[in-house]
Amino acid sequence: QGQLVESGGGLVQAGGSLRLSCAASTNIFTFDAMVWYRQAPGEQRELVAGIGSFGMTNYADSVKGRFSISRDSAKNTVYLQMNSLKPEDTAVYYCNAKRYRTYFEVWGQGTLVTVSS
């Protein structure tokens, strides 16, 4: 079915950059979409960025122009490049993969991003 493992989180100062990775245990093109979500303390989980199997991307308004989602099919990995980080980007970031026809989805364990002011 597939498993996801995130990495790349950490502590960074405001204005800095981080790149998150989401490594899948299976071919990422078996998924219809791969999506990054985040959840800040006391907040609901929100969509950050997604990429479809044909390469179309979408972003939350709050991260447009600062974050970029990409993939490496050879490594079965999806990345989230985060630039110009702000304290409000502090959250646990989760990778998610979906197969629409079978209503299947899988989540990674999450990686913590902390942006200090």
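Please refer to the structure placed before this passage.
So, a few notes on the structure that sits alongside this text. Small disclaimer: the values here were computed from a predicted structure and weren't measured.

**Structural notes on the environment of E46**
Working step 1: Topologically, E46 is positioned in strand β5 (residues 46–52).
Working step 2: As for E46 and W36, which are separated by 10 residues in sequence, their C-alpha atoms are 8.7 Å apart.
Working step 3: In contact with E46, other than residues within four places in its own chain, are W36, Y37 and R38.
Working step 4: At 2.7 Å, the side chain of E46 and the side chain of R38 are in polar contact.

**Some thoughts on the sheet that holds strand β7 (residues 67–72)**
Working step 1: Taken in spatial order, the four strands make up an open sheet running β1-β3-β8-β7, and their pairing is antiparallel. The open sheet terminates on both sides in strands that have one partner only, identified here as β1 (4–7) and β7. Each neighbouring strand pair of the sheet contributes to a mean axis angle of 15°, computed without reference to strand direction.
Working step 2: As paired elements, β7 and strand β8 (residues 77–82) share six bridges and run antiparallel to each other. Counted as the bridge partner of D72 is T77 from β8.

Thresholds, definitions, all that
- Numbers given for residues are sequential positions, taken from 1 along each chain in its written order.
- Local features in this predicted model are restricted to residues of pLDDT 70 or higher, and side-chain atom pairs are both shown and tallied only at a pLDDT of 80 or more, whereas totals for entire chains, interfaces and linings draw on every residue.
- Working from all heavy atoms in the structure, the side-chain values ignore hydrogens and water.
- Numbering of helices and strands runs from the N terminus, with a helix taken as a DSSP run of H or I at least four residues long and a strand as a DSSP run of E at least two residues long.
- Two residues qualify as a contact provided that any one of their heavy atoms is within 4.5 Å of a heavy atom in the partner residue.
- As used in this structure description, the phrase polar contact means that two N or O atoms lie within 3.5 Å; if the pair is within protein, one of them must be able to donate a hydrogen and the other to accept it, and residues adjacent in sequence are counted only when both atoms belong to side chains.
- Think of it this way: DSSP has to see at least two bridges between two strands before they count as a pair.
- To obtain each axis, a line is fitted to C-alpha atoms, and for helices this fit is confined to the stretch in contact; angles are then taken between N-to-C directions over 0 to 180 degrees.

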